Amino acid sequence: MNFIPPDFAPASSEIFMLIMVCVVMLADLTAGDNRRYVAYLLTQVTLLGCAVLTFVSFSTEVKQTFYGMYVDDAMADILKLMVYGTVSAVLVYSHSYISDRGLLKGEFFSLILFATLGMMVMISASHFLTLYIGLELLSLSLYALVALRRDSIVATEAAMKFFVLGALASGFLLYGMSMVYGATGTLHVSQLAQIIQSEASSKEVLVVGLVFIVAGISFKLSAAPFHMWAPDVYQGAPTAITLFIGSAPKFAAFGFVMRLLIEGLGEMVSDWQGMLVILAILSMAVGNIAAIAQTNIKRMLAYSTISHMGFLLLGFISADSNGYSSALFYVIAYVLMTLGTFAMIMLLCRSGFEAENINDFKGLSKRNSWYAFVTLLLMLSLAGIPPMIGFYAKFSVLQAVVNAGYIWLAVAAVLFSLIGAFYYLRIIKLMYFDEPENTEVLTPNNDVKILLSANGFAVLALGIFPQALMSLSLYAIQNSM
Amino acid sequence: MSFQDILFYIFSAILVVSALGVITVRNPVNSALLLVLAFVTCAGLWLLLEAEFLAIALVLVYVGAVMVLFLFVVMMLDINLDRLREGFWKWFPFGAVVALIMVAEMSMVLMGKYFGLEEMPVPRSQDADYSNTRELGRLIYTEYVYAFELAAVLLLVAMVAAIALTLRHREDKKSPNPSKQVKVRKEDRLRIVTMPAEKRE
């Protein structure tokens, strides 16, 4: 029996992350209750270290290791770098919020790092088994994070719903994968494409598997009609956790769809295209129309997420590298906007007071004109109004859809985003034309102040000069297909 | 019909009946016990498939450990059956229609031509000295080592999450602290009082 050890080098960032999670847990155990800063700093150092490792081992070609279970390519590296940046920003934004609410525990950081590890595994998976385990690693950490605030009934209820529906979605996904395995006899993503191409497998079984896989994916993406959990979880979870759920995992979900649907089942494009059209149009309709009726800002943003996921799916529908790169651009733009918006909500919270109502934004311009301006930029971007990044993201996705010949779909998307503009503009109206209900001065820490301003600036600057980011997205897709 | 075929049909029949029982019986304890039966018969089927190690692991892990713990939990919780069944008949027609459609669709694919004996022939039985335990061990630590290690991480996450969600530091607890007890010095416990000697009457 001869054994060739796998090449560990491409997975160096995952290995480093796993070691550091254990270090963070142990360091927090010995640091004691009054020195939680240790865990926070170690977490940031971990993310920085992973970023350095990923950057140094940046691969321009597709590298496989661990017997074809792990793949490292340009798309994986770029997505991972985005994930590190996002998680790091989430931690900066939420630091004072969680310490005010007694959530600043070592488990908070270790669970966030475990979730990040799950995302990295998903992004670099080239085997159904690793795709699934990565997804479960991410989901389990998220369920625990939502429930972390044990004394809150809303949070516990949200965690329960999230867990039960998430488990159901995992069941769907696994059932679909087992069908695909039954039809093709392989779990390797790259072999799968070859076998389907050679038409050695029965098409009907594959299609049934595909239906279950697409249903499972749309659960995880919170695309309608599988979106029911999103508003409850967004509302019930502590805002810092909502920010985390709403931001970084979207990169992982993008990677997951790319690996599973495009690389693995890309030969069945004519079958999943129709399913994605239905999902996209339903998501845009449900998301934009239901958001109008919401008075809770977190719930409203959950519906906004659903509609944005609809737009994201539009990018996949065109099924060419232009479409995929515009979808990647959309994810980056969306995460940037979500980070800023939830950071603003947390800025309005104080200890003992949760800013959850859209009325909490009333008269923000009179309390602090700079943050009102940043929120203005973010809301305009979410609504897709030029020259913000949100406009260009929508524009490029729609362009891809039109090129694929779905003109009616593009028209519908524009109509729904017009409806959606109402509830974003309502926030702007509340900020600039209404009187403030409380006149307390906002006093964020310096790091939050700088990062939030940079975030708002990025939304504007990347909207005016989108070319660099767009070519980065195109590079990521073209070098990994 | 060979002896193996007869065994297969017996095990399958018990498995299907007990699995149906799990979801239809009223009492949760009976339901859990029926699940144990389902696991045991399933292990029997796996033995017929020459997966001896997995069959024994199923009995040891699921029947021996997981289900026993599960039974303890079910017995200790006071589950109100009437509240669980609330709204069952209200949603029954809707659920039944969805379930029927799914069963029909899935049986159209799963039965008949796609998974018949022509498509998936019976695998050749292995020699007597073939050890599937060794094969399993070899695969887990070579080809599937990445997934295997990640599964271990998954268990670690479950542990961290379970502790984070249930551990409470109570302020008013009366348990002794051994490290404080060891560090105690004579001065902490003992006070020497000097008193002037008193004359005897």
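Summarised in this report is the structure supplied together with it.

The rules behind these values
Starting from 1, residues in each chain are numbered consecutively following that chain's sequence as written. Going through the entries in the order they are written, you letter the chains from A and number the ligands from 1. Where local features are concerned, this predicted model is filtered to residues with pLDDT of at least 70; where side-chain atom pairs are given and counted, the filter is 80 or more; whole-chain, interface and lining totals use all residues. The side-chain quantities take in all heavy atoms of the structure and omit both hydrogens and water. The way it works is that DSSP assigns letters per residue, a run of H or I at least four long becomes a helix, a run of E at least two long becomes a strand, and they are numbered from the N terminus. For this measure, only C-alpha atoms enter the radius of gyration; the expected value for a globule follows 2.2 Å times N^0.38, where N is the number of residues. Relative accessibility decides the category of a residue: with a 1.4 Å probe and only protein chains considered, values under 20% of the type maximum give buried, values over 50% give exposed, and everything between is partly exposed. It only takes one pair of heavy atoms within 4.5 Å for two residues to be counted as in contact. Where accessible areas are quoted, they stem from the Shrake-Rupley method and a 1.4 Å probe; at the residue level, only the protein chains shown are allowed to cover. Only four residue types enter the charge count, namely Lys and Arg as positive and Asp and Glu as negative; His and the chain termini do not. By convention, the point assigned to a charge is CZ for Arg, NZ for Lys, CD for Glu and CG for Asp. Every case where a carboxyl oxygen of Asp or Glu lies within 4 Å of a side-chain nitrogen of Lys or Arg is listed as a salt bridge. Two parts placed together each lose some accessible area under a 1.4 Å probe, and adding up what both lose gives the buried area. Polar contacts here mean pairs of N or O atoms no more than 3.5 Å apart (in protein, one a potential hydrogen donor and the other a potential acceptor; neighbouring residues in sequence count only if both atoms are side-chain atoms). Only Asp, Glu, Lys and Arg are considered charged in this grouping, and only Ala, Val, Leu, Ile, Met, Phe, Trp, Tyr, Cys and Pro are considered nonpolar; every other residue, Gly among them, is considered polar. Axis definition: a line fitted to C-alpha atoms, limited for helices to the stretch in contact. Angles are taken between N-to-C directions and run from 0 to 180 degrees. Note on angle classes: values under 35 degrees are labelled roughly parallel, values over 145 roughly antiparallel, values of 65 to 115 roughly perpendicular, and the remainder oblique. When the near helix sits turned anticlockwise from the far one by under a right angle, the crossing is termed left-handed; a clockwise turn instead gives a right-handed crossing. Ring geometry is summarised as follows: Phe, Tyr and Trp rings, the Trp one being its six-membered ring, pair when their centres sit within 6.5 Å, and such pairs are stacked at plane angles under 30 degrees, edge-to-face over 60 and tilted between the two. A patch is a set of surface residues, each over 30% in relative accessible area and not in a salt bridge, joined within 9 Å for like charges and within 5 Å for the nonpolar side chains Val, Leu, Ile, Met, Phe, Trp and Tyr.

## Re the overall build of chain A
Counting secondary structure elements, chain A contains 20 helices and two strands. Relative to the 2.2 N^0.38 estimate, which gives 23 Å for 481 residues, the radius of gyration of chain A is 22 Å and therefore close to what a compact globule would have. Of all 481 residues assigned to chain A, the portion counted as buried reaches 63%. Within chain A, contacts between residues separated by at least 24 positions form 80% of all contacts whose residues are at least 6 apart in sequence. Element-wise, carbon and sulfur atoms account for 66% of the exposed surface of chain A, whose accessible area totals about 16,900 Å².

## Side note on the overall build of chain B
Helix and strand counts for chain B stand at nine helices and zero strands. Along the chain direction, N to C, the helices and strands of chain B fall in the order α-α-α-α-α-α-α-α-α. Structurally, chain B occupies a C-alpha span of about 115 × 55 × 30 Å along its principal axes. Considering only contacts within chain B whose residues lie at least 6 apart along the sequence, 57% involve residues at least 24 apart. As displayed, chain B offers around 16,600 Å² of accessible surface, 67% of which is attributable to carbon and sulfur atoms. Taken as two groups, the 20 positive and 20 negative side-chain charges of chain B have centres that lie 18 Å from each other.

## Examining the pattern of salt bridges
This structure, assessed with the given rule, holds 15 salt bridges over all chains. Note that K429 of chain A is salt-bridged to D434 of chain A, the shortest N-O span being 3.6 Å. On the basis of relative accessible area, K429 of chain A is assigned to the partly exposed category, the value being 41%. For D434 of chain A, a relative accessible area of 15% gives the class buried. Residues R138 of chain B and E135 of chain B are paired through a salt bridge, measuring 3.3 Å at the closest nitrogen-oxygen approach. Of the two residues, R138 of chain B and E135 of chain B both sit in helix α6 (residues 132-141), three residues apart, roughly one turn of that helix. With a relative accessible area of 31%, R138 of chain B lands in the partly exposed category. Here the salt bridges do not stand alone but share partners, grouping E157, K161, D232 and R299 of chain A into one network.

## Here we look at the environment of K105 of chain A
Position of K105 of chain A among the secondary structure elements: in the loop between α3 (74-100) and α4 (106-123). On the basis of relative accessibility, which here comes to 21%, the residue K105 of chain A falls in the partly exposed class.

## Brief notes about the interface of chain B and chain A
Facing 28 residues of chain B, the contacting portion of chain A comprises 37 residues. The contact between chain B and chain A buries some 2,800 Å² in all, and 84% of this surface belongs to carbon and sulfur atoms. On the surface where chain B and chain A come into contact, there are zero salt bridges. Summed over the shared surface of chain B and chain A, the number is two residue pairs in polar contact (both at pLDDT 80 or more). Counting only elements with at least two residues in the side of chain B that touches chain A, the list comes to α5 (88-110), α6 and α7 (145-166) of chain B. With 14 residues, α7 of chain B is the single largest residue contributor to the side of chain B that touches chain A. Partitioning the side of chain B that touches chain A into residue classes produces 23 nonpolar, two polar and three charged.

## What about the packing of helix α2 (residues 37-56) of chain A against α4 of chain A?
Residue and element names in this part refer to chain A. Between α2 and α4, the shortest axis-to-axis distance is 10 Å and the interhelical angle comes to 15 degrees. Classified by the angle between their axes, α2 and α4 sit roughly parallel to one another. Both α2 and α4 take part in a crossing whose hand is right-handed. Along the contact surface, α2 presents A39, Y40, T43, T46, L47 and C50, while α4 presents F109, L113, T116 and M120. Counted by class, the contact of α2 with α4 contains seven nonpolar, three polar and no charged residues.

## Some words on the packing of aromatic side chains
Residue and element names in this part refer to chain A. This model, assessed by the stated rule, comprises 27 aromatic pairs over all chains. Ring centres of F219 and F226 lie 5.1 Å apart, and the angle between their planes is 40 degrees; this geometry places the pair in the tilted category. We classify F219 as buried; its relative accessible area is 9%. Relative accessible area serves as the criterion here: at 23%, F226 is assigned to the partly exposed category. One aromatic cluster in this structure is built from F172, Y175, F212, F219 and F226.

## Here's the deal with a nonpolar patch on the surface
Residues and elements named next belong to chain B. Among the surface-exposed residues, M1, I6, F8, Y9, I10, I14 and L37 lie close enough to one another that they form a single nonpolar patch of about 690 Å² accessible area. With five residues, helix α1 (residues 3-24) is the single largest residue contributor to the nonpolar patch. Note on L37: relative accessible area 38%, which makes it partly exposed.

Keep in mind these values describe shape, not function.
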